[in-house]
Amino acid sequence: MTNVFLTIDGKAVQAEEGTNLLQAAKKAGINIPTLCHHDKLEPYGACRFCMVEIEKNNRKKLVASCCYPVENGLTVNTKTENVDKIRRILSELLLSISPSGAHVDIAKQYGITESRFKQTENPDSPCSLCGLCVRYCAEIKKKHAVCFVGRGIDRTIALVPGASDTCSSCRECLDICDAGKITYLVDMVQEISCPPLRPFDRSD
Amino acid sequence: MTKFSSAKELEQYRQKLQEQRDTKKTCISICSGTGCHAYASEKVVAAFEEQLKKQNLTNMVDMKRTGCHGFCEKGPIVVIHPHNYCYVKVKPEDAAEIIDQTIQRGKPVERLLYTEPKTEKKITLETDIPFYKNQTRLILGNNRKLDPKSIDDYIALSGYKALIKTLTKMTPQQVLDEVKKANLRGRGGGGFPAGRKWETTKNAPAEPKYVIVNCDEGDPGAYMDRSLMEGNPHSVLEGLIIGAYAIGAHEGFVYVRQEYPLAVENTENAIRQAEEYGLLGKNILGSGFDFTIKVHRGAGAFVSGESSALMSAIEGHVGEPRPKYIHTAVSGVWNKPTCLNNVETWANVPFIINNGAQWFASMGTPNSTGTKIFSLVGNVNNTGLVEVPMGITLREIIYDIGGGIPNGKRLKAVQTGGPSGGCIPEKYLDLPVDFDELYNVGSMMGSGGMIVMDEDTCMVDIARYFVNFLSSESCGKCIPCREGLRQMSRILNDVSQGKAFEEDIELLEELAEVVQMSALCALGQSAPNPVLSTLKYFRDEYDAHLRGECPAKVCKALINYSIDPAKCKACGLCLKNCPVEAITGEKKKPHKINSELCIKCGNCLDVCKFNAVIKTTGKQKTAKKVN
């Protein structure tokens, strides 16, 4: 495996080719917050907390470090004004959905406990739709029992119709859930273990 | 029909077609594009067919259902060749008169000619109408000359000539060099140089390679890709085949929206015809080059027009964008090098090959070469599809081609680039329209939507409308787009209802900047444009809303209707037309509007013949800051 050399927060860092900036930073002891990344899973780039600023050909650019591959000679800054601004606003956006969940810790790091945005009506789930459960079930377990349904603000996690046949009841989706085993995931898994399964209804 | 196995055979066939065609024979060409179709052009066609039959003229006169002519405001459009008389707003009952006057006697039917609004002069010839005269119709030009369902029409008009030149006289590298030299930029939105994209895919090591036509046009009010795909599908296919040859792809896709049934039908028909003629398939025209095209129908998500989302959809997944730090040109469909370009971009390619890069680059500006099709809509006299060389000013498009603003109103702003474009204020009317200039003033070329807004438009309402649209079209994958647009939409709703405060506007601006910087795909990254551009140029309107006033008197929460007792003649018309019985009054006594009941629909204002209904804005702000 070839190594590449880059600079992260002024530190010379060596990383394996094919890895991403987030992994390289972690190896060098630099922590970048993230909600949707998992080393075992394909990069997803949805939570945007891991955005960092890179410098290439004298041009600065904001990228999601979980998806950006390491490059020789790249300069990376994980703490800049814009990066902080993004993380602050993202924390506030998630706090407006739910006062609890994995985002609360990141918010605290930025001294944020309250959101300036209006609270979403009936905040009942700390789920940030990071998709760890969906992707773990598909990529690692190869079961495809959990999926996303709906678009935009109606997006939510659901069981694939007929999931009781495919789900192996491993409950690893619960373990991987950063939001602290969100309630409806628990309900869903229980539902599968206790047939009959209520099929997913599009009109819901 | 036999397959052509060489370029020579195709050229011989073309010659035969051209000889057979009598240019002096009368031809009634009726626009069957989307706009005219909606104006019942099919009934006009039927009426002409019936009349021709009645008068035993069927063999003497040709009839052609053509693609969109672009002058949709005046549809259905009928052009009589070879006279070149153009009739607008033609009704089925006009057919008899046109046949009698024009076809039998060669005289124009005065009442059906286009009338220049300023001079009230009738214009007889199609080419003299200012709407057409001031355009450069390169890509759209053939739409009105051919039947989109006939490959012979396209071939007779020099169609597939560029393909012959490509396959017989040029190497793939030469084709690529020509497109690079022409500096053709992507017409779909980003304006990325097409030649560079082609080169990246060509040089990417993996095989096979794919080429894609993006016809997932979804911007409200934009329909140039649709009109091309419906009106001249072979021009797009020809461009795609040439591109595939240059890149080294043997398989291509046309991604077209399911909501464009005619585009789907005409594209599939065109592919079938091209296959029959040996212009697609194995060993095209005996050159040894193989290429096939499949049509993929989109399922209706706006975001699927984003290249990585579109490719996910082709693979059979949900159309959601993926991070693109490795370009789709290198790793696209099934992780193979994939070159995706917009409909209009591909349609430019045959022109570049036929006429050369230098000729192409002589049109437009140095960095934005060629022409661009805009769909000119909104508060403008001549709505329709407009093709102009890049670098033309907004003023020329709106006033010379578009015929200015209706009802003597003043222009306020022009919104370009679709829902995620920006609003350009009147002071930039002399701005040359090209990729870079539009970007510099906070808007973008996008796919070519151009919405003209007059003084009665509320810019806060416009920003609110577009953000709402984008929020409901967000796929929901990334947080800044899903949650950020939701909150932007909320704040804008508050502003339009007079419930917002100064700090809300500051928060809106901060949020807009973060969404722009951090969203996953171009939908989210450009979604704040309508907000940021209106904040930049129309901040005073936001401030007015904070005070409880809507200067354009649009936002319902901030306007009131009342009746001027001095002007009211107590005719009772408003009273009859009020849907909620909010108006009271008796004979000979001025009427009154009960503001508690009024839903501010504006019916009373529209029906009053005495201008007695007054619309006012400004309300006492009672809402307190709650959070």
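Owing to the predicted nature of the structure, the values given are computational and were not obtained by experimental measurement.

1. Notes on the sheet that holds strand 16 (residues 422-425) of chain B
All names here are of chain B.
Then, number 1: Pairing within the open sheet is mixed, and its 5 strands lie in the order 14-13-17-15-16. One side of each edge strand has no neighbouring strand; the edge strands of this open sheet are strand 14 (384-389) and strand 16. Mean inter-strand twist for the sheet, computed between neighbouring axes without regard to direction, equals 30°.
Then, number 2: Bridging between strand 13 (residues 371-378) and strand 14 involves 6 bridges; their strand directions are antiparallel. Its bridge partner being in strand 14, T371 is matched across the sheet by P389.

2. Observations regarding helix 14 (residues 343-355) of chain B
All names here are of chain B.
Then, number 1: Judged by how many residues are buried, helix 14 sits mostly within the fold: 10 of 13 residues are covered.
Then, number 2: Taken together, the buried positions of helix 14 are V343, E344, T345, W346, A347, N348, V349, P350, I352 and I353.
Then, number 3: The N-terminus of helix 14 is capped by N342, whose side-chain oxygen sits 2.8 Å from the backbone nitrogen of E344.

3. Notes on the packing of aromatic side chains
Residue and element names in this part refer to chain B.
Then, number 1: One pass over the structure, following the stated rule, counts 18 aromatic pairs over all chains.
Then, number 2: When the centroid spacing of 5.2 Å and the interplanar angle of 85° are considered together, the rings of F4 and Y277 count as edge-to-face. With F4 in the segment before helix 1 (7-20) and Y277 in the loop between helix 12 (261-276) and strand 9 (292-298), this pair connects stretches of sequence that are 273 residues apart.
Then, number 3: On the basis of relative accessible area, F4 is assigned to the buried category, the value being 7%.
Then, number 4: Seen in terms of ring centroids, Y210 and F253 are 6.0 Å apart; in terms of plane orientation they differ by 40°. Their pairing is tilted. Of this pair, Y210 sits in strand 7 (residues 210-215) while F253 sits in strand 8 (residues 251-257), placing them 43 residues apart in sequence.
Then, number 5: Residue Y210 is classed as buried on the basis of its relative accessible area, which comes to 8%.
Then, number 6: In textbook terms, an aromatic cluster arises when at least three aromatic residues are bridged by ring pairs, as seen for F71, Y114, F131 and Y132.

4. As for the packing of helix 19 (residues 479-496) of chain B against helix 20 (residues 502-518) of chain B
Residue and element names in this part refer to chain B.
Then, number 1: At a minimum axis distance of 10 Å, the contact between helix 19 and helix 20 shows a crossing angle of 155°. When the interaxial angle is binned, helix 19 and helix 20 end up roughly antiparallel. Relative to helix 20, helix 19 is oriented so that their crossing is left-handed. Counting all contacts with helix 19, which are made through P480, G484, Q487, M488, I491, L492 and V495, the residues of helix 20 involved are D504, I505, L507, L508, L511, A512, V515 and S518.
Then, number 2: Tallied by class, residues from the contact of helix 19 with helix 20 come to 11 nonpolar, 3 polar and 1 charged.

5. Section: the pattern of salt bridges
Residue and element names in this part refer to chain B.
Then, number 1: Inspection of the entire model under this criterion finds 41 salt bridges over all chains.
Then, number 2: Two residues, R395 and D430, come together in a salt bridge whose shortest N-O distance is 2.8 Å. Separated by 35 residues along the polypeptide, R395 in helix 16 (residues 394-401) and D430 in the loop between strand 16 and helix 17 (435-440) bring together distant segments of the chain.
Then, number 3: Residue class for R395 comes out partly exposed when judged on its relative accessible area of 37%.
Then, number 4: On the basis of relative accessible area, D430 is assigned to the partly exposed category, the value being 47%.
Then, number 5: Across the pair E426 and R410 runs a salt bridge whose closest N-O atoms are separated by 2.7 Å. Linking E426 in the loop between strand 16 and helix 17 with R410 in the loop between helix 16 and strand 15 (411-416), this pair joins segments that are 16 residues apart in sequence.
Then, number 6: E426 sits in the partly exposed class, given a relative accessible area of 28%.
Then, number 7: Classification of R410 by relative accessible area gives exposed; the value is 53%.

6. Focus: the nonpolar core
Then, number 1: Ranked by size, the top nonpolar core spans 104 residues in total, and within it L6 and L21 of chain A together with M488, V531 and Y542 of chain B carry the most contacts.
Then, number 2: Residues L10, M170, V211 and A347 of chain B belong to the second largest nonpolar core, which totals 74 residues.

7. Some details on the sheet that holds strand 8 of chain B
Residue and element names in this part refer to chain B.
Then, number 1: The 4 strands lie next to each other as 9-8-7-10, forming an open sheet whose pairing is parallel. Edge strands, defined here as strands with exactly one partner in the open sheet, are strand 9 and strand 10 (338-342). Here the strands of the sheet are splayed against their neighbours by 20° on average, with no regard to which way each runs.
Then, number 2: Pairing geometry for strand 7 and strand 10, over 5 bridges, is parallel. Within strand 10, the residue paired with N214 across the bridge is N342.
Then, number 3: Packing of helix 11 (residues 233-247) onto the sheet brings it into contact with strand 7, strand 8, strand 9 and strand 10, and relative to strand 7 it is tilted by some 150°.
Then, number 4: Contacting strand 7 and strand 10, helix 14 crosses the sheet at an angle of about 95° to strand 10.

Basis of the calculations
- Residues numbered from 1 in each chain as written.
- Chains lettered and ligands numbered in written order.
- Predicted model: local features only at pLDDT ≥ 70, side-chain atom pairs only at ≥ 80, totals over all residues.
- Heavy atoms only, no water.
- Pairing = 2+ DSSP bridges.
- Helix = DSSP H or I, 4+ residues; strand = E, 2+ residues; numbered from the N terminus.
- Axes fitted to C-alpha atoms, helices over the stretch in contact; angles between N-to-C directions.
- Buried < 20%, exposed > 50% of the residue type's maximum accessible area, 1.4 Å probe, protein only.
- Polar contact = N/O pair within 3.5 Å; in protein donor to acceptor, adjacent residues only side chain to side chain.
- Phe/Tyr/Trp six-rings, centres within 6.5 Å; stacked < 30°, edge-to-face > 60°.
- Parallel < 35°, antiparallel > 145°, perpendicular 65-115°, else oblique.
- Left-handed = near helix turned anticlockwise from the far one by under 90°.
- Contact = heavy atoms within 4.5 Å.
- Nonpolar A, V, L, I, M, F, W, Y, C, P; charged D, E, K, R; others polar.
- Salt bridge = Lys/Arg side-chain N within 4 Å of Asp/Glu carboxyl O.
- Core = buried A, V, L, I, M, F, W, Y, C linked by side-chain atoms within 4.5 Å.

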